[in-house]
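What the coordinates show
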Amino acid sequence: MYPREVNLIKKAVEDKKCENVKVYNVKNKNPLCDYVIVCTALNKRNMTAVAASVEDVLEENDFAINHVEGRDSEEWVLVDCNDIVIHIMSEPFREHVKIDELLSK
C-alpha cells in the first residue's frame, strides 16, 4: 500500500494515458526520496500534459513540489516532490538510461 500522494500521482499519470507506469519503493536504498514513479509518455505534448497534471494534483491536495526539470524536453521531465520523484520519459530515452533496471535492484 502506497501513501496517499503516491496514489494521487499514479492516478494523474494514468489518466493522461502514460504507459508502463512503475512505482518503486526506494526508502531503504536512497537517502533522497522514498518513492520513484517512472512512466512513458506518448510524445512531447503528452509529456507536458502529464507533468502539468501531476503539478495540479499535488497543489490541489496541498503537497509540496520542490522542483520541475525539463519542461521543454522531448525526452525527460522530472518532478521532484521531496519524498517522491516522478520521471516522465520518452520510450527511447527510458530504454537508453535503463532506469527500471537501476531502480529494481
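Throughout what follows, the structure given in this document is the object of discussion. (Residues numbered from 1 in each chain as written. Predicted model: local features only at pLDDT ≥ 70, side-chain atom pairs only at ≥ 80, totals over all residues. Heavy atoms only, no water.)

1. Observations regarding the overall build of the chain
Of the regular secondary structure elements, the chain holds 4 helices and 5 strands. Helices (α) and strands (β) of the chain occur, in sequence order from the N terminus, as α-β-β-α-β-β-β-α-α. Taken over the C-alpha trace, the chain has a radius of gyration of 12 Å; the compact-globule value for 105 residues is 13 Å, and the two agree within 12%. Based on the C-alpha atoms only, the size of the chain along its principal axes is roughly 35 × 30 × 20 Å. Residues classed as buried in the chain amount to 41% of the 105 residues present. Total accessible area on the chain stands at roughly 6,300 Å², and carbon and sulfur atoms take up 48% of it. Charge centroids of the chain, computed over 14 positive and 20 negative side chains, lie 5 Å from each other. (Helix = DSSP H or I, 4+ residues; strand = E, 2+ residues; numbered from the N terminus. Rg over C-alpha atoms; globule rule 2.2 N^0.38 Å. Buried < 20%, exposed > 50% of the residue type's maximum accessible area, 1.4 Å probe, protein only. Areas by Shrake-Rupley, 256 points an atom, 1.4 Å probe, with all protein chains shown as cover. Lys, Arg positive; Asp, Glu negative; His and termini not counted. Charge placed at Lys NZ, Arg CZ, Asp CG, Glu CD.)

2. A closer look at the pairing of strand E5 (residues 84–89)
A large share of E5 lies buried, amounting to 6 of its 6 residues. Burial of the side chains of E5 extends over both faces: Ile84, Ile86 and Ile88 are buried on one face and Val85, His87 and Met89 on the other. In the sheet, strand E2 (residues 35–40) pairs with E5 via 6 bridges, with the strands oriented parallel. From the neighbouring strand, Ile37 faces E5, where its bridge partner is Ile86. Judged from the 5 bridges that link them, strand E4 (residues 76–80) and E5 form a sheet pairing that is antiparallel. Bridged to Leu78 within E5 is His87. (Pairing = 2+ DSSP bridges.)

3. Concerning the side chain of Ser53
Secondary-structure assignment places Ser53 in helix H2 (residues 44–60). Those residues in contact with Ser53 that sit more than four places away from it in its chain are Ala12 and Lys16. (Contact = heavy atoms within 4.5 Å.)

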